[in-house]
Every structure is written in structure tokens, then in C-alpha cells.
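# Understanding the architecture of this molecule
As a plain string of letters, each chain reads:
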Amino acid sequence: MEEKIEKIQRFLSVCDELVSGSYLAADIKVSEALKCIAGSRELTNLFAAVTDGYDYPAAKRAFLRTPAERGAGRVAAFLPSERQEILAFVFCLFVELDAGTLHLNDFLLRYFYVDGSYTASYSVFAERMIRPFRDIVKECFPECGKRGQIAMQRKKWEDALAQFAATVPVERNRVMSRELRDEERDAAELLFGELAAATGRRDVTEIGALLAGYKYFLRYIGGESAESAAFFALAEKL
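Described below are features of the structure shown in this document. Since this is a predicted model, take the numbers as computed values, not measurements.

Secondary-structure assignment places glycine 200 in helix α10 (residues 182-201). Linking glycine 200 and alanine 165, residues 35 residues apart in sequence, is a C-alpha distance of 7.8 Å.

Okay, structure coming up:
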């Protein structure tokens, strides 16, 4: 799950760089975006679905106007109105640009002309086509947004806490099976009782304080082991 989200987030980051970056790096970033898609099953499935049966040549005729068709000073390029078609159209543009059958410089001045400037023309292209494309992909994967990341982090914490709670009695049994003096046994019972209670309350601050004391207790009784090291390592995830 985490790896899947990371791959999608990487793709969205590349799209961010395409939107806010320079046209000089655009060719490289387009190639990188396509590699991200190829490396993610979820993205591959998304674009396979939206391009299935898609008539890209017809879409180009409809949404990319020649100078004669648009008239002087008019917008030369449009996006489809349907979200699915926007994904398919921009994806196919990326493929053409990456393959070299469509050259970015010519494409920019032909369809996004701004005073003969590649930089200004690219900015218009990025805003009108790449930004909506990126935003739609982002909406397709809400788990990659801020709320989704917070929810994922919360779940990881919940899982770590549950795993730690299950390990507390195991560690208690390990220590209590040792030959302990009465005062050591009483101290251990008190520590583990308070630790179980703090875990039940989800009080991470108190858990940390109790574990700090527990470390010294283990050293005192000579109870440090691989098991206790694993126990503390698990607590570090909280």
C-alpha cells in the first residue's frame, strides 16, 4: 500500500514540476512522467482504461486548431469537457512528445503562441493542459492527498500501538520468569501494570517515561536481551 502511494505521489510531483518548471526541462519531465506511469500498476490501469478505444487523431483535429481555423489572436488549443477524455488527450500528447513525433518547441508556438516566447508559451500550455490533467489524476487517488496521508499515518500509528500492546504481556512474562528478589518482582509488576494502563489510554508520553525507567530496571536485574531490544524498537514506532 505504502509503495503504491509513493509511486503515485512521485508521478504527481513530476506533474507539479511540469506545471511550475521551465520548458527547457519539460521534455525530460514528460519522459519521467511516462516512466512513473509505466512503473505503477494503478496509473497504468487508469490510463489503459481512459485510452481504451480513444480516437486521439480525431481529438487532435477537434481540440488543436490551425492558425487559419482559429483566426488572429484566438486560442489555438482546447481541452475536452469530459474528465476521462482530458486524461486520455494529455496522456497521448505526452506519448507523442516523448516519441519525438511532436516537437515541443513547434507545438508551443503553433498552439500556445505568446509573443514568440517559448517560456511564456509553455506557461500557458502548462496552466491550460497539464494542471487540469494533474488535478484530475490527484482526485482519482484521494489517498495520495494531504488527508489521505494523514489517515495513512494515523493507521500506521494505530497498528504500531496495537502491536506494542500485544507485546507488553509477552515481555512481562519473560521478565517475571527470571529469578527475582521480592522487591524486584514488585517493581516489575508495578512497571508493567502502569505500562499496560498507559497503553490502554494511548498516552505515548507516559509510555516513553515508563520505558525509560524500565531500561534501567532491566540493566539492574541483568535482564537485557534480544527480546527486550525488539520490545524497545517496537515502542520507537509510537
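Running from N to C, helix α4 (residues 56-63) and helix α6 (residues 83-99) point in directions that differ by 100°, and their axes come no closer than 11 Å. By the criterion of interaxial angle, the relationship of α4 to α6 is roughly perpendicular. Residues Tyr56, Ala59, Lys60 and Phe63 of α4 touch α6, and the partners they reach there are Phe89, Cys92, Leu93 and Glu96. Along the lines of polarity and charge, the residues of the contact of α4 with α6 split into six nonpolar, no polar and two charged.

Moving on: the side chain of serine 121. Within the secondary structure, serine 121 is located in helix α8 (residues 118-140). You can call serine 121 buried: its relative accessible area is 0%.

Turning to the nonpolar core, a few remarks are in order. Judged by nonpolar contacts, the single largest core of 52 residues is most densely connected at Phe11, Phe47, Phe107 and Phe133. Looking at this core, the elements that each hand over two or more residues are α1 (2-20), α2 (26-38), α3 (41-51), α4, α6, α7 (104-111) and α8. Each residue touching phenylalanine 47, except ones within four places of it in the same chain, is listed here: Phe11, Ile37, Leu87, Phe91, Phe133 and Val137. Membership of the second largest hydrophobic core comes to 25 residues, among which are Phe164, Leu195, Leu211 and Leu234.

Further remarks concern unusual backbone geometry. With a phi close to 55°, aspartate 115 is a non-glycine residue in the positive phi region. Along the chain, aspartate 115 turns up in the loop between α7 and α8. The residue arginine 202 is not glycine, and still its phi comes out positive at about 60°. Overall, arginine 202 belongs to the partly exposed group, its relative accessible area being 41%.

A few words now on the environment of alanine 59. Its location among the elements puts alanine 59 in helix α4. For the pair formed by alanine 59 and glutamate 85, sequence separation is 26 residues and the distance between their alpha carbons is 9.0 Å.

For α1, spanning 19 residues, the distance from its first C-alpha to its last is 27 Å, which sits close to the expected 27 Å at 1.5 Å a residue. All buried positions along α1 are accounted for by Ile5, Ile8, Phe11, Leu12, Val14, Cys15, Leu18 and Val19.

The rules behind each value
- Residues numbered from 1 in each chain as written.
- Predicted model: local features only at pLDDT ≥ 70, side-chain atom pairs only at ≥ 80, totals over all residues.
- Heavy atoms only, no water.
- Helix = DSSP H or I, 4+ residues; strand = E, 2+ residues; numbered from the N terminus.
- Axes fitted to C-alpha atoms, helices over the stretch in contact; angles between N-to-C directions.
- Parallel < 35°, antiparallel > 145°, perpendicular 65-115°, else oblique.
- Contact = heavy atoms within 4.5 Å.
- Nonpolar A, V, L, I, M, F, W, Y, C, P; charged D, E, K, R; others polar.
- Buried < 20%, exposed > 50% of the residue type's maximum accessible area, 1.4 Å probe, protein only.
- Core = buried A, V, L, I, M, F, W, Y, C linked by side-chain atoms within 4.5 Å.
- Expected span 1.5 Å × (residues − 1).

So far we have only geometry, and geometry alone does not tell us how the molecule works.
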